[in-house]
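Read off the chains here:
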Amino acid sequence: ERSIKQSIVLNLCITTDFSLAAKEDDVNLTVDYAELVNSIVNFAKDSHFKLLEALVVGIEQVIITKYNNILALEISAKKSFILPNTKEVGVKNGE
């Protein structure tokens, strides 16, 4: 299983004060989601983890290092159909 790259579905919930970005309607004042996704994809492609939990912690570090305006971050990750009798398995970091 670990020798073959696997698809992983990530869900991110980011808490930040985006009031100024909303008022000014300016993406430069908030989290740029396209840039964020590219950072995560590049990190995941260049990394090798045995545990989904380790990947989630690594992604968390990438995000909080890149964006200092994030107040809270929740990440969940799941893989589909990797174990018998399961549709998906996954992990979620603390809230």
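Scroll up a little and you will see the structure.
Rules and cut-offs
- Residues numbered from 1 in each chain as written.
- Predicted model: local features only at pLDDT ≥ 70, side-chain atom pairs only at ≥ 80, totals over all residues.
- Heavy atoms only, no water.
- Pairing = 2+ DSSP bridges.
- Helix = DSSP H or I, 4+ residues; strand = E, 2+ residues; numbered from the N terminus.
- Axes fitted to C-alpha atoms, helices over the stretch in contact; angles between N-to-C directions.
- Phe/Tyr/Trp six-rings, centres within 6.5 Å; stacked < 30°, edge-to-face > 60°.
- Core = buried A, V, L, I, M, F, W, Y, C linked by side-chain atoms within 4.5 Å.
- Buried < 20%, exposed > 50% of the residue type's maximum accessible area, 1.4 Å probe, protein only.
- Contact = heavy atoms within 4.5 Å.
- Salt bridge = Lys/Arg side-chain N within 4 Å of Asp/Glu carboxyl O.

A. Spatial organisation of the sheet that holds strand β2 (residues 70-80). Here three strands make up an open sheet; going across it, the order is β1-β2-β3 and the pairing antiparallel. Each edge of the sheet is formed by a strand with only one pairing partner; in this case those strands are β1 (9-16) and β3 (88-92). Taking each pair of neighbouring strands and ignoring which way they run, the sheet shows an average axis angle of 15°. When β1 meets β2, the two strands line up antiparallel, connected through eight bridges. Note that in β2 the partner of Cys13 across the bridge is Glu74.

B. Focus on the packing of aromatic side chains. Inspection of the entire model under this criterion finds one aromatic pair. Note on Phe43 and Phe49: the rings are 6.0 Å apart at their centroids and 40° apart in plane angle, and the pair reads as tilted.

C. Highlighting the nonpolar core. Membership of the largest hydrophobic core comes to 14 residues, with the highest contact counts inside it found for Leu36, Ile59, Ile63, Tyr67, Ile70 and Ile75. At the level of secondary structure, the elements contributing two or more residues to this core comprise α2 (33-46), α3 (52-66) and β2. In terms of residues, this core owes the most to one element, α3, which gives five residues. In contact with Ile63, other than residues within four places in its own chain, are Leu12, Leu36, Ile40, Ile70, Leu73 and Ile75.

D. Spatial organisation of unusual backbone geometry. Not every positive phi belongs to a glycine, and Asp25 is a case in point at roughly 55°. As for its placement among the helices and strands, Asp25 is situated in the loop between α1 (19-24) and α2. We classify Asp25 as exposed; its relative accessible area is 73%.

E. Broad picture of the environment of Thr30. Relative to the assigned elements, Thr30 resides in the loop between α1 and α2. C-alpha separation for the pair Thr30 and Asp17, spaced 13 residues apart in sequence, amounts to 8.2 Å. Ignoring any residue separated from it by four or fewer positions in sequence, one finds Thr30 in contact with Thr16, Phe18, Ala21 and Asn69.

F. Representation of the pairing of β2 in the model. In terms of strand pairing, β2 meets β3 through five bridges, oriented antiparallel. Paired with Ser80 across the two strands is Glu88, which belongs to β3.

G. Structural detail: the pattern of salt bridges. The final tally for this structure, using the stated rule, is two salt bridges. Note that Glu35 is salt-bridged to Lys66, the shortest N-O span being 4.0 Å. Of this pair, Glu35 sits in helix α2 while Lys66 sits in helix α3, and the two are 31 residues apart along the sequence. Residue classification places Lys66 among the partly exposed residues on the basis of a relative accessible area of 41%. Residue Glu74 is joined to Lys92 by a salt bridge in which the shortest nitrogen-to-oxygen separation is 3.5 Å. Here Lys92 lies in strand β3 and Glu74 lies in strand β2, a separation of 18 residues in the sequence. Of the residues examined, Glu74 reaches a relative accessible area of 23% and is grouped as partly exposed.

These values are about where atoms sit, not about what they do.
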